[in-house]
Amino acid sequence: DNIITNNFNAKKNENKISVSGNKFEATYFLKKLNKDNKRKTFSKEFSGNIDFKVKEIIINKESLFNFSGLGQIQEGKLHKLTAKANFSDNEILDISITPVSLNKKKLFIFSDRAKLFLEDYKFIKGFSGGKLEYTSNYDNKASKSNLKIYDFKVKNVPVLAKILTLASLQGIADLLTGEGIRFDEFDMNFNTVGTKIEINDIYAIGPSISLLMNGYIEKKKMVSLSGTLVPASTLNKIVSSIPLVGDILVGSKLGEGVFGVSFKIKGPPKDLKTIVNPIKTLTPRFITRTLKKIKGE
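Quick caveat: nothing in here was measured; it's all calculated off a predicted structure.

1. Describing the overall build of the protein
- A count of helices and strands for the protein gives six helices and 15 strands.
- Across the 297 residues in the protein, those meeting the buried criterion constitute 41%.
- Partitioning the contacts of the protein with sequence separation of at least 6, the portion at a separation of at least 24 is 47%.
- Carbon and sulfur atoms make up 53% of the accessible area of the protein, which amounts to about 17,600 Å² in all.

2. Some points on the pairing of strand E1 (residues 7–13)
- Within E1, only zero of the seven residues are buried, leaving the element largely exposed.
- Where E1 and strand E2 (residues 16–25) come together, seven bridges link them in antiparallel fashion. Counterpart to Lys12 in the pairing with E2 is Ile17.
- In sequence, E1 turns back onto E2 through a hairpin of two residues, with Glu14 there showing a positive phi of about 55 degrees.

3. Quick word on the confidence of the model for the protein
- When pLDDT is averaged along the protein, the result is 81, and 79% of the positions lie at 70 or above.
- At the level of individual helices and strands, the protein shows its lowest average pLDDT in helix H5 (residues 245–250), which scores 46, and its highest in strand E6 (residues 91–99), which scores 94.
- Taken as a whole, residues 244–257 scores under 50 in pLDDT and shows 19 contacts with residues more than four places along the chain or in a different chain.

4. Section: the pattern of salt bridges
- Scanning all chains against the criterion turns up eleven salt bridges.
- Linking Arg182 and Asp184 is a salt bridge whose minimum nitrogen-to-oxygen distance equals 2.9 Å.
- Judged by its relative accessible area of 36%, Arg182 falls in the partly exposed class.
- Look at Asp184 and you get partly exposed, because its relative accessible area is 28%.
- We note a salt bridge from Lys273 to Asp271, for which the minimum N-O separation is 3.4 Å.
- Through salt bridges with shared partners, one network takes in Glu62, Glu91 and Arg113.

Definitions and limits used
- Residues numbered from 1 in each chain as written.
- Predicted model: local features only at pLDDT ≥ 70, side-chain atom pairs only at ≥ 80, totals over all residues.
- Heavy atoms only, no water.
- Helix = DSSP H or I, 4+ residues; strand = E, 2+ residues; numbered from the N terminus.
- Buried < 20%, exposed > 50% of the residue type's maximum accessible area, 1.4 Å probe, protein only.
- Contact = heavy atoms within 4.5 Å.
- Areas by Shrake-Rupley, 256 points an atom, 1.4 Å probe, with all protein chains shown as cover.
- Pairing = 2+ DSSP bridges.
- pLDDT = per-residue confidence, 0-100.
- Salt bridge = Lys/Arg side-chain N within 4 Å of Asp/Glu carboxyl O.

Printed below as a string of structure tokens:
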């Protein structure tokens, strides 16, 4: 965009590539590194080693400093990698790719700034704060992944705003468009095959709301998600009252039985339909996940 002037050298000596310098805008480089398309970073004919040492790299307009890394490339794809960089004196980025078997690899990312890796998710706006931990075991056909984000805030998430409004939780919906809704933890387990993401479990817990959901997303075709959303005040009441589960889940007085909402989101990405229903009982899975989280703290 004629904003950043790159200043680095890339040298190839037989089967080794060395990248060094003062500044490198690396967004495109990292996105295309392992992609199977015509515009590849490395030729399929190239196998060898690569090392990086750059004072400043820029990814999605975010600067990282003292970036250094070592890697191995096999037939144009990263086979092994260790890389580190700093956002500041106390904030780091750590990335590794480790071979697990002949075709399988494990990708691990830890980042003190989660937003760097969420820029491509257009449905999330106003994301702030957060530490990110991502693990993925993958091969050429599929991947099995886990994403954790800690202590963050979101604003302007249209789907969540619609659920809160339909559930008559206007006070929390106002938070979403105002100062934002804070979450202590977000935990997502999912599998990817081709363009389809099977979401086994998304669990998020925060001071205002907690939610649990699953489903699938097929890129540019279909979104199908269902879950449970509970205001934190209700969840706290339930947890604090265990083991007297019966009265708590059913409610001892008229009108006390509704503790949250179940919801479904379905349709093409540009025409999502949302349905919300009040619920009187929480699933054992929801309660188990919540207790596990509280016990962990």
